[in-house]
Amino acid sequence: MDDDQKNGADGKGTTKPWGGRFREEQAPLFEKLNASIPFDHVLAPYDVKGSIVHVRMLARIGVLSDAERDQILGGLQEIEREVVEGRFVWSLEDEDIHMAVERRLVELVGPVGGKVHTGRSRNDQVALDLHLYLRDAVAGHRAGILALMEVLLHQARVHERTIFPGYTHLQRAQPVVFAHHLLAHLFAFQRECERFAAWEELSWMPLGAGALAGVNYPLDREWVAAELGFSRVAPNAMDAVAARDAAFHYLALAASCGLQLSRLAEELVLWSSQEFGFVELPESWTSGSSIMPQKRNPDAAELVRAKSAAFLARLQGLGCLLKGLPLAYNKDLQEDKLYVFRTREDLDLCLAAMAEMLAGLTVDQTRCRQAAEGGYAQATDVADYLVRKGLAFREAHRLAGRLVALLAAEGRSFSQVTLDELKSLSPLFDEEYYSLVDLEKVVAAKVSPGGTAPERVKEQIRLAEVALERLQGGRSGQ
Ligand code: ARG
């Protein structure tokens with residue numbers, strides 16, 4: 001009996017599809033270590049989609065007959081339905097999603113199903129599946145970011161005139177309108193969205209690389225790329241199966257977007273505390289304490305903040321995995337999916353949660369105004385006023401600082417000082433001072449482009465509207 005006859009069918013070797021040369025069965029623990037099916041089953045729709053296009057291409061170039069093509073396509077379409085309807089049965093023995101689909105295909109259409117793998121390797125197949133998956137993930141994140149931007153824009157419109165303390169070093173710095181602060185976040189998210197769009201422009205189609213060297217068939221890779229919506233084909237077969245920079249870049253973008261979310265979440269936590277008391281989160285987005293009946297905790301915002309740590313960790317995880325890997329395919333690459341899948345899920349969740357939380361946010365305008373007033377946030381404007389009266393800015397800064405010290409010692413605000421007291425500090429003070437420390441005036445004076453003056457904020461709102469329209473158009477065009 002030769003080796004081939006001993007394998008598989010008579011129970012002495014492994015029955016794996018690649019088992020021709022093996023005499024021993026796979027060790028059960030190795031089977032467990034080796035199997036990606038417990039997580040890569042989410043690639044099923046992409047795997048089937050890629051296989052459908054591959055089979056159609058094989059028929060176009062004459063490698064499969066039309067009858068074979070139609071038989072295989074019939075099976076793949078049935079598998080597609082089984083996956084969507086949750087009827088597809090996953091088994092550890094299949095090892096991975098690619099072999100699971102092929103096994104089922106053969107069950108459904110007979111030995112002709114085995115022809116689906118002509119001119120293809122799991123190496124280029126998995127690279128394609130991952131690219132298709134990432135492309136969907138990116139489209140979803142872009143939609144999620146745009147929805148969040150819409151909410152920020154809505155709240156900015158509502159709070160175009162709401163006086164709010166602006167901070168540096170977490171010390172009250174200068175008064176702004178709340179819209180100004182919200183728009184700061186909005187424009188940061190716009191950049192995240194644009195970065196994700198740039199990711200899409202860089203994506204390319206790996207199928208047709210085979211294991212690493214190309215295959216023995218004159219594949220029409222351009223046709224496959226066009227059918228699958230890629231504008232480019234990987235120009236080198238080895239690069240196509242070895243590269244995971246698309247996944248790494250994706251995780252970097254997710255990490256960056258997570259940082260933006262986290263900073264916004266942190267502010268919601270601060271602002272909704274009793275110490276700040278600037279905003280109230282919707283009750284449905286907070287939770288109670290098991291022991292302290294009075295508590296209403298911003299858990300949702302805290303968890304969004306926490307998830308950003310995982311985004312960064314997964315970026316680092318994949319970086320560590322890739323570092324030092326020789327070309328071309330190595331089984332290490334199987335684990336890239338663990339980082340990518342969780343990130344997609346979490347980022348979608350965080351973006352949607354943040355949008356809903358912000359939509360229900362209410363602002364305590366009195367508290368915000370008191371905070372802006374109480375922090376002597378008009379001090380720069382007092383200094384500028386003295387500059388207009390002829391003082392050098394440094395001297396004006398010193399005098400305004402002395403005024404703050406005088407008032408702070410007695411807990412008085414800028415408007416609660418007499419003209420005599422002012423004149424004793426400097427004869428340059430006059431009645432005009434009182435209109436100038438009015439918070440609306442201070443805000444209205446910030447007329448430089450990008451500033452917090454009402455007309456400048458209106459301009460920013462307009463810019464945001466235009467950006468949203470443009471980015472939404474780009475998305476629906478896909
Ligand atoms: N499950 C594998 C992965 O996710 C598919 C590729 C397997 N290729 C191989 N040469 N063993 O990477």
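Residues numbered from 1 in each chain as written. Predicted model: local features only at pLDDT ≥ 70, side-chain atom pairs only at ≥ 80, totals over all residues. Heavy atoms only, no water.

Undergrad: Give me the lowdown on the side chain of E68, citing residues and values where you can.
TA: Residue position: E68 is located in helix α5 (residues 66-84). Here E68 falls in the buried class, since its relative accessible area comes to 18%. Ignoring sequence-local partners within four residues, the contact set of E68 consists of V63, V112 and K115. (Helix = DSSP H or I, 4+ residues; strand = E, 2+ residues; numbered from the N terminus. Buried < 20%, exposed > 50% of the residue type's maximum accessible area, 1.4 Å probe, protein only. Contact = heavy atoms within 4.5 Å.)

Undergrad: Before we move on, could you go through the pattern of salt bridges and cite the residues and values that matter?
TA: Within the structure shown, the criterion is met by 37 salt bridges. Notably, a salt bridge pairs E78 with R87, separated by 3.5 Å at the nearest N-O pair. Between E107 and R104 there is a salt bridge, with the nearest N and O atoms lying 2.7 Å from each other. Of this pair, E107 and R104 are both found in helix α6 (residues 97-109), 3 residues apart, which corresponds to roughly one turn of the helix. (Salt bridge = Lys/Arg side-chain N within 4 Å of Asp/Glu carboxyl O.)

Undergrad: Residue-level account of the environment of A396, with values.
TA: Here A396 lies in helix α16 (residues 393-410). Since its relative accessible area comes to 0%, A396 is described here as buried. C-alpha separation for the pair A396 and Y385, spaced 11 residues apart in sequence, amounts to 8.3 Å. Leave out the neighbours within four places in its chain, and A396 touches A383, L386, V387 and L391.

Undergrad: Which residues make up the packing of aromatic side chains, and what values do they have?
TA: A full pass over the atoms with the stated rule returns 16 aromatic pairs. Here F429 and Y433 contribute two aromatic rings whose centre-to-centre distance is 5.7 Å and whose plane-to-plane angle is 80°, an arrangement assigned as edge-to-face. Residue classification places Y433 among the buried positions, given a relative accessible area of 0%. One aromatic cluster is present, built from ring pairs that chain together F164, Y167, F178, W271, F276 and F278. We note R135 situated over the ring of F230; from NZ or CZ to the ring centre the distance is 4.5 Å. Lying over the aromatic face of Y133, R344 brings its terminal NZ or CZ to 4.7 Å of the ring centre. (Phe/Tyr/Trp six-rings, centres within 6.5 Å; stacked < 30°, edge-to-face > 60°. Lys NZ or Arg CZ within 6 Å of the ring centre and 35° of its normal.)

Undergrad: Requested: an account of the pairing of strand β1 (residues 163-168), with residues and values cited.
TA: Bridging between β1 and strand β2 (residues 171-177) involves 6 bridges; their strand directions are antiparallel. Looking at the pairing, F164 lines up with V176 of β2. What sits between β1 and β2 in their antiparallel hairpin is a turn of 2 residues, with H169 showing a positive phi close to 55°. (Pairing = 2+ DSSP bridges.)

Undergrad: An account of the site of the ligand is requested, with residue identities and associated values reported.
TA: Around the ligand lies a shell formed by S36, D96, H98, R122, N123, V126, Y329, Q334 and K337. For the ligand, a nitrogen atom lies 2.9 Å from a polar atom in the side chain of D96. Between an oxygen atom of the ligand and a side-chain N or O atom of K337, the distance comes to 2.7 Å. In terms of residue count, the dominant contributor to the shell around the ligand is helix α7 (residues 122-158) (3 residues). Taken together, the residues of the shell around the ligand break down into 2 nonpolar, 4 polar and 3 charged. (Near = heavy atom within 4 Å. Polar contact = N/O pair within 3.5 Å; in protein donor to acceptor, adjacent residues only side chain to side chain. Nonpolar A, V, L, I, M, F, W, Y, C, P; charged D, E, K, R; others polar.)

Undergrad: Which residues make up unusual backbone geometry, and what are the values?
TA: A cis geometry characterises the amide bond from L327 onward to A328, with omega recorded as 0°. Phi is positive for H169, close to 55°, though the residue is something other than glycine. Judged by relative accessible area, H169 falls into the exposed class, the value being 74%. Phi is positive for Y376, close to 55°, though the residue is something other than glycine. Tracing the backbone through its elements, the reader meets Y376 in the loop between α14 (365-374) and α15 (379-388). When its relative accessible area of 13% is taken as the criterion, Y376 is described as buried.

Keep in mind that these numbers describe shape and distance, not what the molecule does.
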